[in-house]
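Take a look at the letters that make up each chain.
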Amino acid sequence: MKNRRKALLVYNPQSGPATDRAAWLGEIVDKFCKELNFNVTVRATKPGLTASEIVEDGGAGFDLIVAAGGDGTIRLVLGALSQAKSDIPAAIIPFGTGNQLARNLGISQDNLLLDPVELALDAIVRGRTRSIDIGSMNGHPFCVGVGVGPLSDAVAAPSREDKANWGMLAYVGSMVQTIASAPVELRVTADGDTFDVKASGLFVTNVGNFGIATVSETVELDDGLLDLFIITLGEFGDYLDLGFGFANSFLGGAAPYYLKKVKSVQVSSLRATLPANVDGDFLGSTPMSIDVVPSAVKVICAETE
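What comes next is a walk through the structure. As the structure is a prediction and not an experimental result, all values here were calculated from the model. (Residues numbered from 1 in each chain as written. Predicted model: local features only at pLDDT ≥ 70, side-chain atom pairs only at ≥ 80, totals over all residues. Heavy atoms only, no water.)

## Some words on the nonpolar core
Part 1: Ranked by size, the top nonpolar core spans 51 residues in total, and within it Phe32, Leu78, Ile93 and Leu101 carry the most contacts.
Part 2: In this structure Leu78 touches Ala90, Leu101, Ile134, Cys143, Val297 and Val299, once residues within four positions along its chain are discounted. (Core = buried A, V, L, I, M, F, W, Y, C linked by side-chain atoms within 4.5 Å. Buried < 20%, exposed > 50% of the residue type's maximum accessible area, 1.4 Å probe, protein only. Contact = heavy atoms within 4.5 Å.)

See below:
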């Protein structure tokens, strides 16, 4: 058909239940072709492929880029579009455990009765396109956030099997195991302001809602800023406060929490080199140079987001 638009569907073959993978992939392609009038090109992610290899030439020749998978897949796709300075909009079909960016765009909901494919397609049909910021850590793009320290390690630690079996509880269980971990000693420069801190976890985020808790109620995806969030747990009562924060789904507030809106952050370890967590995956290490890329990509979000 002459008037058909062209969509590139990038999917992670490891996301979603293995028994249903072929079914949901076929369902997506079928709906895009029959209901949305697209011709669809399907491309799978593979270990070792760079973002630019997955989304060649910034998606030139396509009207829509669709990322189906978890936050890692979405990071690759949006990172490629950002690096290419592409104006092509991206749609997200969340099949990960956390689905952090999709959650903050109003696409993913904690309701087992809702079909994530239907929610995503509804956003494509009835939602709106908006430009959002992304971050960059040592040249690696990120959509959700980067972190360092025991609590950050706990976010990236759960195995694929644990996340499949336990969902968000896999992260909580992993964090509980950090109680015996000593804080790390960091030197932080936030928009030119340098200070040393002992931190159980340091995070630089572009979203406020992390599923298990809300870090800050003032985080915006398109304000040209990132949020520096530091947790320092020194006494047992601090761990209780953190536990109550998770229970109440809100972590922001009084010490041991530190929040600051920033454009640029440099983080170095005063002792051993530490692994970096980028959108839930271990990627790189300290020292970390983190910057915001304002209005980096166009994404489709839910109408009521």
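## Quick notes on the pairing of strand 11 (residues 226-231)
Part 1: The buried count for strand 11 comes to 6 of 6 residues, which makes it a mostly enclosed element.
Part 2: The alternating pattern of strand 11 places Leu226, Leu228 and Ile230 and Asp227, Phe229 and Ile231 on opposite faces, both of which are buried. (Helix = DSSP H or I, 4+ residues; strand = E, 2+ residues; numbered from the N terminus.)

## Describing the pattern of salt bridges
Part 1: Evaluated as defined, the whole model comprises 8 salt bridges.
Part 2: Notably, a salt bridge pairs Arg187 with Asp196, separated by 2.7 Å at the nearest N-O pair.
Part 3: Judged by its relative accessible area of 45%, Asp196 falls in the partly exposed class.
Part 4: Through salt bridges with shared partners, one network takes in Asp223, Asp227 and Lys261. (Salt bridge = Lys/Arg side-chain N within 4 Å of Asp/Glu carboxyl O.)

## Let's talk about unusual backbone geometry
Part 1: Put simply, Thr286 and Pro287 share a cis peptide bond, and its omega is 0°.
Part 2: Although it is not a glycine, Asn138 sits at a positive phi angle of roughly 50°.
Part 3: Position of Asn138 among the secondary structure elements: in the loop between strand 5 (128-137) and strand 6 (140-142).
Part 4: Since its relative accessible area comes to 37%, Asn138 is described here as partly exposed.
Part 5: For Ser295, which is not glycine, the phi dihedral falls at a positive 45°.
Part 6: Mapping Ser295 onto the fold places it in strand 16 (residues 288-301).

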